Amino acid sequence: MATIGRRMMSSSKLPGNNSLAPTLLQRIQALDRSSLAPSYTALVLFHPSSSSQHAVVGHVQNSFMKSTLINCRDVHGEPIFVLEEKQSNRLGSAKDILRLHVDVQYERNTTNYNAYDPAALFHLRTESFAQVAKKVISRQHSDIYPVYPFAANDKGLILAHVNRSLAPYLGIDSVGVHLNCYVRQDNIIRGVWLAKRAATKSHHPNYWDTTVAGGQPHNLSLYENIVKEAHEEAGVPAEWLRNDASNEAFSDHTHDPLTMTTAKEDGSCMKRSFYYSFDLQVPDDWQPTSVDGEVQEFKLYSIEELDNELRFGKNLRPAMRAVLLDFMIRYGLLKEAEGQDDCSELSKSMRRERIRLW
């Protein structure tokens, strides 16, 4: 206990409860931005299948679409995007949709769907997205994200690749992996290591994250990615993350991800976000060390301090409230406020259905 106490804020320094503050459930519900849906248009790709010829893969903010995307031209001077008005979906409702010009041309020229060449169209789409990224993104990311159809029956099918920096502006699904490194003493979880994002990060600099947090590239599994990110961001030995029954310190919770519709504070970049978590019990005397420079410092939060931060604080990156709350619920650590905290309701609020624009 003494070892942890030297590294964490004492309870006497924690902010007091504010009876006028939003409840924990209200703070989590505020992360959901599905109310923005009327100001967005579905991004649709050509995808012949037994049920439909098209697949929704993203949502684009109308103002960004009209001011920027519609004006993007390829190397031949052709428009990269095409707005098709009042298109009927399978439910019979007609709405505007945004499409890639190469998709529209390909569909017009493909009279026999048996001749449909998904690999060729994949290449054309990926090249179109790459040209858009060069035009509208000042600093591109090294990671490449897959573009999936939203439909559940097409799960795992990749229709294109897109630069990670452009993906949020197209409403492409966002997938993140998280590792919660915690300390246990006397069979009780006493603290969780959090990471302060570097001041140079393009999004939420200087906010606090889980011990390890990373985006999910197209060429790694969730497990392979967390092993890589854990080493790069916190110096976690790969051996500690050995994923077999004999390693009781490590647990994989990716079967039950958090799913929410998120957006930036200004209402842009609405997308469906998936958060996949792993947990790791670490030795009392271990401290994380940043290898890649994306973390400026680590801090071991006591459970009391983390509970207070979730309820009243402003130091966490907003979405991390959900990821860390889920951790607290998973281990029965939440200090439930009388008449307020229904763990079942909290859990449900972090696992929402996908919104559908078309």
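All chains use their own residue numbering, which begins from 1 and follows the written sequence. A pLDDT threshold of at least 70 governs which residues receive local features in this predicted model, and a stricter bar of 80 or more applies before side-chain atom pairs are shown or counted, although totals over entire chains, interfaces and linings include all residues. Hydrogens and waters are ignored; side-chain quantities use all the structure's heavy atoms.

1. As for the sheet that holds strand β3 (residues 81-88)
Step number 1: Two strands pair under a simple rule: DSSP has to find at least two bridges between them. Helix and strand assignments follow DSSP, with helices taken as H or I runs no shorter than four residues and strands as E runs no shorter than two, numbered in order from the N terminus. Taken in spatial order, the four strands make up an open sheet running β2-β1-β4-β3, and their pairing is mixed. The open sheet has two free edges, formed respectively by β2 (54-61) and β3, since each of these has just one partner strand. Shown here is a sheet whose adjacent strand axes are inclined to one another by a mean of 40°, direction ignored.
Step number 2: Where strand β1 (residues 40-46) meets strand β4 (residues 94-100), three bridges bridge the pair, whose relative direction is parallel. Paired with Val-44 across the two strands is Arg-99, which belongs to β4.
Step number 3: Along the sheet, helix α4 (residues 101-109) contacts β1, β2, β3 and β4; its crossing angle with β4, the most-contacted strand, is approximately 100°. For helices, the axis comes from a line fit to the C-alpha atoms of the stretch in contact; other axes are also lines fit to C-alpha atoms, and the angle between any two N-to-C directions lies between 0 and 180 degrees. Contacts are assigned to residue pairs with any non-hydrogen atoms lying within 4.5 Å of each other.

2. Comments concerning the packing of aromatic side chains
Step number 1: Two aromatic rings from Phe, Tyr or Trp, using only the six-membered ring of Trp, form a pair when their centres are within 6.5 Å; if the ring planes differ by under 30 degrees the pair is stacked, by over 60 it is edge-to-face, and anything between is tilted. Under the counting rule described, the total for this entry stands at 12 aromatic pairs.
Step number 2: Seen in terms of ring centroids, Phe-46 and Tyr-116 are 5.7 Å apart; in terms of plane orientation they differ by 75°. Their pairing is edge-to-face. Residue Phe-46 is located in strand β1, and its partner Tyr-116 is located in the loop between α4 and α5 (118-136); the two are separated by 70 residues in the primary sequence. Judged on exposure class, the residue Phe-46 and its partner Tyr-116 are both buried.
Step number 3: Feature note: the residues Phe-46, Tyr-106 and Tyr-116 constitute an aromatic cluster, connected by ring pairs.
Step number 4: Geometrically, a lysine NZ or arginine CZ counts as sitting over a ring once it is within 6 Å of the ring centre and also within 35 degrees of the ring normal. The ring of Tyr-301 has Lys-299 lying over it, and the distance from NZ or CZ to the ring centre is 4.7 Å.
Step number 5: The ring of Phe-150 has Arg-354 sitting right over it, with the charged end atom 4.0 Å from the ring centre. Relative accessibility under 20% of the residue-type maximum defines a buried residue, over 50% an exposed one, and the middle range a partly exposed one, all with a 1.4 Å probe and only protein chains included.

3. Structural notes on the environment of Asn-109
Step number 1: With respect to the helices and strands, the residue Asn-109 is situated in helix α4.
Step number 2: With 168 residues separating them in the primary sequence, Asn-109 and Ser-277 have C-alpha atoms 44 Å apart.

4. Some details on the packing of α4 against α5
Step number 1: Orientation of α4 relative to α5, taken along the N-to-C sense of each, is 155°, at an axis distance of 9 Å. Compared by their axis directions, α4 and α5 come out roughly antiparallel. Of α5, the residues touching α4 (which contributes Val-102, Asp-103 and Tyr-106) are Leu-121, Leu-124, Arg-125 and Ser-128.
Step number 2: The classification used treats Ala, Val, Leu, Ile, Met, Phe, Trp, Tyr, Cys and Pro as nonpolar, Asp, Glu, Lys and Arg as charged, and all other residues, Gly among them, as polar. Looking at the contact of α4 with α5, its residues break down into four nonpolar, one polar and two charged. Relative orientations are named as follows: roughly parallel for angles under 35 degrees, roughly antiparallel for angles over 145 degrees, roughly perpendicular for angles from 65 to 115 degrees, and oblique for any other angle.

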